[in-house]
Amino acid sequence: MCERITAMRAVVETHAPHLRPNGGHSAEGVSDSLPPIDITIAAGQSDFHIRIADQGGGIPRSQIANIWNYMYTTAERPKEQDLEIKGGIRNAPMAGFGYGLPLSKLYARYFGGDIDIVSMDGYGTHAYLYLSRIGNTKEPLPQ
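A few points on the structure. (Residues numbered from 1 in each chain as written. Predicted model: local features only at pLDDT ≥ 70, side-chain atom pairs only at ≥ 80, totals over all residues. Heavy atoms only, no water.)

Here the focus is helix H2 (residues 100–110). Residues three or four positions apart in an α-helix share a direction because the helix packs 3.6 residues into each turn. Those residues of H2 that fall on the buried side of the exposure criterion are Leu-101, Pro-102, Ser-104, Lys-105 and Ala-108. One side of H2 holds all its buried residues, which, seen down the axis, span an arc of 165°. Just beyond H2, the residue with positive phi is Gly-112, at close to 80°. (Buried < 20%, exposed > 50% of the residue type's maximum accessible area, 1.4 Å probe, protein only. Helix = DSSP H or I, 4+ residues; strand = E, 2+ residues; numbered from the N terminus. Arc of directions from axis to C-beta.)

Spelled out as structure tokens, the structure:
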């Protein structure tokens, strides 16, 4: 789930400035829609795989190692007016805390799988989630 939310945010932040407003005229470099986020699910004999591919601009190679660090984020801090209370409910941001990818990797490894990220700076990112399909994976406890 975390990778899909990250992919949606990246696609919107990368392509929203190039969307044609309602009723606008078509122009060079202006689009009517956002590029799709492709999700592929495959089940092999022993593994279950999910691939999430976006065209959200990618991650620079200089930052790729940081994505697994807790509290590292590329999301902008929300503006104060975006956090105001409406009808007694506070509008809380869903991204930007830097816990999604590190915790997702931790859970995947706990369940006998892993997460890999392959990114092309300037284009997009592919996130791969591998999980053991066979229910006999032992709990990975420290020795």
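The discussion continues.
We now examine the packing of aromatic side chains. This structure, assessed with the given rule, holds three aromatic pairs. Judged by centre distance (5.1 Å) and plane angle (90°), the rings of Tyr-110 and Phe-111 are edge-to-face. Classification of Tyr-110 as partly exposed rests on a relative accessible area of 38%. Relative to Tyr-130, the ring of Tyr-128 lies with its centre 6.4 Å away and its plane at 10°, an arrangement referred to as stacked. Classification of Tyr-128 by relative accessible area gives partly exposed; the value is 24%. (Phe/Tyr/Trp six-rings, centres within 6.5 Å; stacked < 30°, edge-to-face > 60°.)

Here we have four strands laid out as an open sheet, ordered S1-S2-S6-S5, and antiparallel in their pairing. Either end of the sheet is taken by a strand with one partner, and the two such strands are strand S1 (38–43) and strand S5 (114–120). Within the sheet, the average angular offset between the axes of one strand and its neighbour, ignoring direction, is 10°. Relative to strand S2 (residues 47–53), S1 runs antiparallel, the two being bridged by six bridges. Bridge pairing in S2 links Ile-39 to Ile-52. H2 contacts S5 and strand S6 (124–132) of the sheet and is inclined by roughly 135° relative to S5. (Pairing = 2+ DSSP bridges. Axes fitted to C-alpha atoms, helices over the stretch in contact; angles between N-to-C directions. Contact = heavy atoms within 4.5 Å.)

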